[in-house]
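Architecture and fold: a report
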Amino acid sequence: MESFINEQVKKIEISGIRQFFNMVGNKPDILSLTIGQPDFPTPSHVKEKTKEAIDHNQTTYTHNAGILSLRKAIASFIKTNYQLEYDPNNEIIVTVGASQAIDITLRTILMKGDEVLLPGPVYPGYEPLVKLAGGTPSFIDTCQTNFKLTADLIEQSITPNTKAIIIPYPSNPTGVTLTKEELTEIASVVEKHNIFLIADEIYSELVYDKSHYSIGRFQEIRDKLIIINGVSKSHSMTGFRIGYILTSEWLAKHILKVHQYNVSCASSISQHGAIEAIKNGQDDPIKMKKVYQERRDYVFERLKGMQINTYLPDGGFYFFVDISHLNKDSFSVALQLVEEAKVALVPGSAFSQFGEGYLRLSYAYDIDTLKEGLDRIEPIISKV
Ligand SMILES: Cc1ncc(COP(=O)(O)O)c(C=O)c1O
């Protein structure tokens, strides 16, 4: 019977992150610095409103695009924080996490043979969704440009088959973000070509030292732009599964059809939690960010102390740790760390072939855990 199933599904692999866990999962005493979700509890006021939603029987289907008051709250939040204008009536769609937002966007725009440009190393959630939607992923190597996707790199990579480019910033796994100047150049390349730009801004509330600049500020590409965001990372609400899409009305109406037949709507209960988070929880990410920043600075000093070639991530909660001096592939080094140091980091190869030579270290862990983990891996990865 297996020959009867979708060829594309057979071809995609479970993610490199998961493959690694399956190998190390049962080993005892492993200290993990792998996880890609905030270690803070969901803010209490959000939990209370979510419980109230159940008590008040707000447990029915909602509008396909999401509860209007949530879309209005999103519209007001993105205007205040990022100076973006999207109409809550027809330009905002509430989704089941950023993940479903990416999926329905790709399924709306892609046809067989369409190419989608992805900066490598990159979050592993895009490539399989591009393939399932009939598209062909095409990676752009950002290793020589400090993990920055540049306008020149994009220009060189566009072919007649290019339908879209996905740009996540700040990036998972590198933590690198893009400045206003860099985004200006990228916007002018996109303006020149007939391609869509999918901006994954899920870490926008976790940018350190400067503020997030959204590519949505460039009106000249508005018709080609799909911005993806959500509350998973900003408000420590990964399990609520609430994301959203911002896009021009002409495109939103098509994406909404795919969304409707896919899930009808995001969970009503979670949407009520998200209304509270977005309306009254503006300080929640700020408090968490302060703690992440202390951890980031701590890890940075520790890596510098090991004389590892490193940089200060702009946002998110990951370090992409250079282990090229060990002259071994990242999967073997990650396995060695598990076996000899009892610490799990994610092999860089989980983020495309351009992640080879690196390990992803998450600092969504308290300082004591980070200290213990770094103490354990130091003898193996240190250059000193
Ligand atoms: C860059 C990026 N985009 C999207 C997602 C998925 O977010 P969500 O949990 O809201 O589906 C993640 C999760 O790790 C991510 O790192």
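Residues numbered from 1 in each chain as written. Predicted model: local features only at pLDDT ≥ 70, side-chain atom pairs only at ≥ 80, totals over all residues. Heavy atoms only, no water.

Some points on the site of the ligand
The ligand sits among Gly97, Ala98, Ser99, Tyr123, Tyr126, Asn172, Asp200, Ile202, Tyr203, Ser232, Lys233 and Arg241. In the model, an oxygen atom of the ligand is placed 2.6 Å from a nitrogen or oxygen of the serine 232 side chain. Considered on its own, the ligand offers 400 Å² of accessible surface; in the complex 92% of this is hidden by protein. (Near = heavy atom within 4 Å. Polar contact = N/O pair within 3.5 Å; in protein donor to acceptor, adjacent residues only side chain to side chain. Areas by Shrake-Rupley, 256 points an atom, 1.4 Å probe, with all protein chains shown as cover.)

A few points about the packing of aromatic side chains
If you walk through the whole model with that rule in mind, you get 16 aromatic pairs. Judged by centre distance (5.2 Å) and plane angle (80°), the ring pair of tyrosine 123 and tyrosine 126 falls under edge-to-face. Overall, tyrosine 123 belongs to the partly exposed group, its relative accessible area being 27%. Under the relative-accessibility criterion, tyrosine 126 is labelled buried at 1%. Through a chain of ring-to-ring contacts, three or more aromatic side chains come together here, namely Phe40, Tyr203, Tyr292, Phe317 and Tyr318. The ring centre of tyrosine 86 lies 4.4 Å from the NZ or CZ of arginine 222, which sits over that ring. (Phe/Tyr/Trp six-rings, centres within 6.5 Å; stacked < 30°, edge-to-face > 60°. Buried < 20%, exposed > 50% of the residue type's maximum accessible area, 1.4 Å probe, protein only. Lys NZ or Arg CZ within 6 Å of the ring centre and 35° of its normal.)

Points about the sheet that holds strand β12 (residues 358–362)
With respect to topology, three strands assemble into an open sheet ordered β9-β12-β11, the strand pairing being antiparallel. The open sheet has two edge strands, β9 (318–322) and β11 (346–347), and neither has a second partner. When β11 meets β12, the two strands line up antiparallel, connected through two bridges. Looking at the pairing, valine 346 lines up with arginine 360 of β12. (Pairing = 2+ DSSP bridges. Helix = DSSP H or I, 4+ residues; strand = E, 2+ residues; numbered from the N terminus.)

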